[in-house]
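Take a look at the letters that make up each chain.
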Amino acid sequence: MTIFALDTNIVSYLLKDDETVFNHYFEEIAKGNDFIIPPITYYEIKRGLFACNAVAKIAAFNRMCQEFGIGEMNIAIWDEAARLFATNRKTGLVMDDADLFIAVFCLVGGYTLVTNNIRHFERVKGLTLVNWK
């Protein structure tokens, strides 16, 4: 079984009823795969929905989070994120903190990251990526 962690853009597509993304989602459900919301994705989605006062989408997102579950950041993830940041900084490949945390959350948890921003994550060694868009 694969557990897919959903990047912020993929959750946004689901909340907008994007047909392409929904088709991929239903295909993976049919295969018995599972889903999780990284905590940074949760934060990014909630801040955007609160800023727009999108009451109906907040309710839809809350239902999605109950169904999928929200991951937790533990000390292993924070430490690995700090190590990866330091390594990337030495090579000049600094990532945005949100992307770094999402990537390391997936690495440490063994999750496959679903994103429409492959370019943001492809240089993270060992990270499994798919694009549903």
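Just above, that's the structure.
Residues numbered from 1 in each chain as written. Predicted model: local features only at pLDDT ≥ 70, side-chain atom pairs only at ≥ 80, totals over all residues. Heavy atoms only, no water.

Colleague: Looking at this structure, how should I read the sheet that holds strand β4 (residues 128-130)?
Modeller: As summarised here, the arrangement of the 4 strands in space is β2-β1-β3-β4, forming an open sheet in which the pairing is parallel. Each edge of the sheet is formed by a strand with only one pairing partner; in this case those strands are β2 (34-36) and β4. Direction aside, the axes of adjacent strands within the sheet are offset by 35 degrees on average. In this structure, strand β3 (residues 112-114) lies alongside β4, joined through 3 bridges in parallel fashion. (Pairing = 2+ DSSP bridges. Helix = DSSP H or I, 4+ residues; strand = E, 2+ residues; numbered from the N terminus. Axes fitted to C-alpha atoms, helices over the stretch in contact; angles between N-to-C directions.)

Colleague: Help me understand the packing of helix α1 (residues 8-15) against helix α4 (residues 55-68) in this model?
Modeller: Think of two packed helices as two axes; the pair is described by the angle between the axes and how far apart they sit. α4 packs onto α1 with a crossing angle of 115 degrees between their chain directions and a minimal axis gap of 10 Å. For α1 against α4, the interelement crossing comes out right-handed. Here Val 11, Leu 14 and Leu 15 of α1 lie close against α4, whose contacting residues are Lys 57, Ala 60, Phe 61 and Met 64. Partitioned by chemical class, the residues of the contact of α1 with α4 number 6 nonpolar, no polar and 1 charged. (Left-handed = near helix turned anticlockwise from the far one by under 90°. Contact = heavy atoms within 4.5 Å. Nonpolar A, V, L, I, M, F, W, Y, C, P; charged D, E, K, R; others polar.)

Colleague: Looking at this structure, I do not really get the pattern of salt bridges. What am I missing?
Modeller: Oppositely charged side chains may form a pair once their charged atoms are brought near each other. If you walk through the whole model with that rule in mind, you get 4 salt bridges. Of the charged contacts in the structure, one is a salt bridge between Glu 28 and Lys 31, with a shortest N-O distance of 3.5 Å. Lys 31 sits in the exposed class, given a relative accessible area of 58%. For Glu 80, the salt bridge identified is with Arg 83, shortest N-O distance 3.3 Å. (Salt bridge = Lys/Arg side-chain N within 4 Å of Asp/Glu carboxyl O. Buried < 20%, exposed > 50% of the residue type's maximum accessible area, 1.4 Å probe, protein only.)

Colleague: I tried to follow the nonpolar core on my own but got confused; where do I start?
Modeller: If you look at the biggest cluster of nonpolar residues, it comprises 21 residues, and the most contacted ones within it are Phe 105, Cys 106, Phe 121 and Leu 127. Taken together, the elements giving at least two residues each to this core come down to α5 (75-91) and α6 (97-109). For Cys 106, the residues in contact, after removing those within four places along its chain, are Ala 5, Tyr 111, Leu 113 and Leu 127. Grouped together as the second largest cluster of nonpolar side chains are 20 residues, Tyr 25, Ile 37, Phe 61 and Trp 132 included. (Core = buried A, V, L, I, M, F, W, Y, C linked by side-chain atoms within 4.5 Å.)

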